[in-house]
Amino acid sequence: QWAVDQGLIKKKSLIEYFFRHYEKLIYRVSDCIGVMSKNNITVLKDKNQSLKNVKVLMNWIDNKPLDKKLKSTKFFENLNLKDKVILFYGGNIGNAQDMTNIMRLAKNLLDTPKAHLLIVGQGDEYNLIIKLRNRWNLHNVTILPSISQGEFRKVLCSIDIGLFSLSANHKTHNFPGKVLGYMVESIPILGSVNPGNDLMDMVNNSKSGAVHINGEDDLLLNSAKSLIEDAKLRRKLGLNAKALLGKYFSVTAAVDSILKECLPKLEEYP
C-alpha cells in the first residue's frame, strides 16, 4: 500500500493485482492479523470487509537504555557540535519519509544558532538532501552515511531531540522504529505524520514530544524552538516518552497483547 501511495506501483496495474492476490491468500490462512494501531484496523477493513480476526499489536523494543558511560562524546566533538542542541534523524532516508520536510525544518531554523540537525542513514533520498543542503546553504545540517547499530545507540545517548517524518501521502499508519529508539533513551520526540495517524495523538496527549501533520511547517517550527530553548522541557518530555514506551511498546506489553488478543483460547495450545 505504501508503494501504491507513493506512486512506486501504479494503481490497478498487473503488479498491484499480483500483490493483492497474495495479500488476500495470507489473510485467509492467518489465525490473527496484527496491525500497529487502531486506525490501521479501519484502513485494513475498508479494503477487506470480511476480515474479523484483526487485532492491535504495537511495535515493540527492549526498553533497557544504554549505559551513559558509553555515549559518543568524541563523535560530537569531532563534528564540532559539542555546544549545540542536536536534533537527530537516524535511519532510512527515503521517499516514504519525505526528507524534504526535515530539510525545510532545518531551513526555518537557520535563525536559531544553537540548533543543529544531524542526519545519519541511507536511502533513495540521500542525494536529494545533500543537494538541498547545498542549495539552501544549510550550515546547520550534518549528513552522514549509515553507522553500525552499536555506534548508533551510542549516538542516541548524546542527542537532545529525536526527529522523524512520514510522507503526507500515506493512507496506512506507521509507528517508525526510530521513535521507539528515542523513547528507550528518554529523548523527546519531534515529528510529522500523515493525516489520521494515531501516533500524533499518542505522543501529544502523553506529552512525550510534539507531532504535527506533514506540511504544518509553522507548528513544527514553533515546537522545535520550544524544545531547543528549554532544557527542562526536553527532560520532562523525554521522561514521559520513556513512560509511554513501558506502557505500550515494551516487549512485555507486546507479549501481554499477543496472549490476551491474538491467542484468547490459550488452553487449546500445547
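Residues numbered from 1 in each chain as written. Predicted model: local features only at pLDDT ≥ 70, side-chain atom pairs only at ≥ 80, totals over all residues. Heavy atoms only, no water.

Engineer: Whenever I open this one, the pairing of strand 6 (residues 161–165) confuses me. Can you help?
Structural biologist: Consecutive side chains of a regular strand alternate in pointing toward one face of the sheet and then the other. Taken across its 5 residues, strand 6 has 5 buried, putting it largely inside the fold. With burial as the criterion, each face of strand 6 is covered, one bearing Ile161, Leu163 and Ser165 and the other bearing Gly162 and Phe164. As paired elements, strand 3 (residues 85–92) and strand 6 share 2 bridges and run parallel to each other. Paired with Phe88 across the strands is Gly162, a residue of strand 6. Pairing geometry for strand 6 and strand 7 (residues 189–193), over 4 bridges, is parallel. Residue pairing for strand 7: Ser165 is matched across the bridge by Ser192. Handedness of the strand 6-helix 8 (residues 177–184)-strand 7 crossover: right-handed. (Buried < 20%, exposed > 50% of the residue type's maximum accessible area, 1.4 Å probe, protein only. Helix = DSSP H or I, 4+ residues; strand = E, 2+ residues; numbered from the N terminus. Pairing = 2+ DSSP bridges. Right-handed = clockwise from strand over helix to strand, strands pointing away.)

Engineer: Mind showing me how you'd approach the pairing of strand 5 (residues 141–144) here?
Structural biologist: Inspection of the sheet shows strand 4 (residues 115–122) paired to strand 5 by 4 bridges, in the parallel sense. Note on strand 5: the bridge partner recorded for Val120 is Leu144.

Engineer: What is the right way to read unusual backbone geometry from this model?
Structural biologist: Where the residue is not glycine, phi is negative for most of them; where a peptide bond is considered, it is trans in most cases. Phi at Asn80 is positive, roughly 60 degrees, even though this residue is not glycine. The topology assignment puts Asn80 in the loop between helix 4 (73–78) and strand 3. A positive phi angle is found at Asn137, which is not glycine, with a value near 55 degrees. Checked against the element boundaries, Asn137 lands in the loop between helix 6 (126–135) and strand 5.

Engineer: What am I meant to see in the pattern of salt bridges here?
Structural biologist: If charged atoms from side chains of opposite charge come close, those side chains can pair. Enumeration according to the criterion identifies 6 salt bridges in this entry. As a salt-bridge pair, Lys225 and Asp111 come within 3.6 Å of each other at their nearest N and O atoms. One end of the pair, Lys225, is in helix 10 (residues 217–229); the other, Asp111, is in the loop between helix 5 (99–108) and strand 4, and 114 residues separate them in sequence. Glu229 serves as the salt-bridge partner of Lys114, at 3.6 Å between the closest nitrogen and oxygen. Remark: Glu229 occurs in helix 10 and Lys114 occurs in the loop between helix 5 and strand 4; sequence separation between them is 115 residues. Overlapping salt bridges, with partners in common, bring together Glu16, Arg20 and Glu23 in one network. (Salt bridge = Lys/Arg side-chain N within 4 Å of Asp/Glu carboxyl O.)

Engineer: Help me out: how do you make sense of the environment of Asn174 in this one?
Structural biologist: One can find Asn174 in the loop between strand 6 and helix 8. A relative accessible area of 16% means that Asn174 is categorised as buried. Separated by 67 residues in sequence, Asn174 and Ala241 place their C-alpha atoms 17 Å apart.

Engineer: Would you mind going over helix 3 (residues 38–47) with me for this structure?
Structural biologist: Think of an α-helix as turning once every 3.6 residues; residues three or four places apart then point the same way. Listing the buried residues of helix 3 in full gives Asn40, Val43 and Leu44. One face of helix 3 carries all of its buried residues, which in axial projection span an arc of 95 degrees. Turned more than 90 degrees off the buried face of helix 3, the exposed positions are Lys38 and Asp46. Buried-residue contacts for helix 3 involve helix 2 (14–29), strand 1 (33–35) and strand 2 (54–56). (Arc of directions from axis to C-beta. Contact = heavy atoms within 4.5 Å.)

Engineer: Which parts of the structure should I look at to understand a nonpolar patch on the surface?
Structural biologist: On the surface, Ile15, Phe18, Phe19 and Tyr22 cluster together into a nonpolar patch covering about 440 Å² of accessible area. One can find Tyr22 in helix 2. (Patch = residues over 30% accessible without salt bridge, like charges linked within 9 Å, V, L, I, M, F, W, Y side chains within 5 Å. Areas by Shrake-Rupley, 256 points an atom, 1.4 Å probe, with all protein chains shown as cover.)

Engineer: How should a positive patch on the surface be read in this particular structure?
Structural biologist: Positive charge collects at one region of the surface, where Lys11, Lys12, Lys47 and Lys171 lie side by side. Relative to the helices and strands, Lys171 resides in the loop between strand 6 and helix 8. Residue Lys171 is classed as partly exposed on the basis of its relative accessible area, which comes to 49%. (Lys, Arg positive; Asp, Glu negative; His and termini not counted. Charge placed at Lys NZ, Arg CZ, Asp CG, Glu CD.)

Engineer: Looking at this structure, how should I read the packing of helix 10 against helix 11 (residues 231–249)?
Structural biologist: The relative placement of two packed helices comes down to the angle between their axes together with the axis-to-axis distance. Where helix 10 meets helix 11, the axes come as close as 5 Å, and the angle between the chain directions of the two elements is 105 degrees. Looking at the two axes, helix 10 sits roughly perpendicular to helix 11. Across the interface between the two elements, Ser226, Leu227, Ile228 and Glu229 from helix 10 touch Ala231, Leu233, Arg234 and Leu237 from helix 11. Classifying every residue of the contact of helix 10 with helix 11 gives 5 nonpolar, 1 polar and 2 charged. (Axes fitted to C-alpha atoms, helices over the stretch in contact; angles between N-to-C directions. Parallel < 35°, antiparallel > 145°, perpendicular 65-115°, else oblique. Nonpolar A, V, L, I, M, F, W, Y, C, P; charged D, E, K, R; others polar.)

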